[in-house]
Amino acid sequence: MDTSSPAAFVNGGLLPMHVGRKVRAVIQVTRSDAGSVMGKSTDGHQLVVKGSPPVPLTNYVEVIGVAENDNSIQAEIWTNFGDSFDPSGYDQLCQLANGEFKHLFL
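As a starting point, this report considers the structure included with it. (Residues numbered from 1 in each chain as written. Predicted model: local features only at pLDDT ≥ 70, side-chain atom pairs only at ≥ 80, totals over all residues. Heavy atoms only, no water.)

**Describing the environment of methionine 17**
Item 1. With respect to the element layout, methionine 17 can be found in the loop between strand S1 (8-9) and strand S2 (22-33).
Item 2. Residue classification places methionine 17 among the exposed residues on the basis of a relative accessible area of 51%.
Item 3. In the structure, methionine 17 is positioned 81 residues away from asparagine 98 in sequence and 9.7 Å away in space, judged by C-alpha atoms. (Helix = DSSP H or I, 4+ residues; strand = E, 2+ residues; numbered from the N terminus. Buried < 20%, exposed > 50% of the residue type's maximum accessible area, 1.4 Å probe, protein only.)

Pasting the structure below:
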């Protein structure tokens, strides 16, 4: 396992804190175009993910990549999370990973 460049767990509200760094986020896909996917983060923000998504693309997907700005990620890795997923649990994980327990995640 490569631990030299860990990806921070983020939701839409936390993404601006990590611009230019490697992040991981789960989105609910709302639209897919050539080269990008639009979706809702686990805390309800609209995000754009650039790159080549897997085919077929499920309703929920985790992406790992570089945060380009406050609402977009250039994805390196895409993982389908299926068509039903509880975003609140992942959102709580993001809060913990960027708060009191940050030292456990990065």
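**Things to note about the pairing of strand S3 (residues 36-41)**
Item 1. When you tally the buried positions in S3, you get five out of six residues, the bulk of the element.
Item 2. Where S2 meets S3, six bridges bridge the pair, whose relative direction is antiparallel. Along S3, the bridge assignment pairs isoleucine 27 with serine 41.
Item 3. In this structure, the hairpin formed by S2 and S3 is closed by a connection of two residues, where glycine 35 is found at a positive phi of approximately 85°.
Item 4. Across five bridges, the pairing between S3 and strand S4 (residues 46-50) is antiparallel. Each residue of the ladder has a partner; that of lysine 40, found in S4, is glutamine 46.
Item 5. From the end of S3 to the start of S4, which pair antiparallel, there are four residues, and glycine 44 there has a positive phi angle of about 90°. (Pairing = 2+ DSSP bridges.)

In short, shape yes, function no, at least from these values alone.
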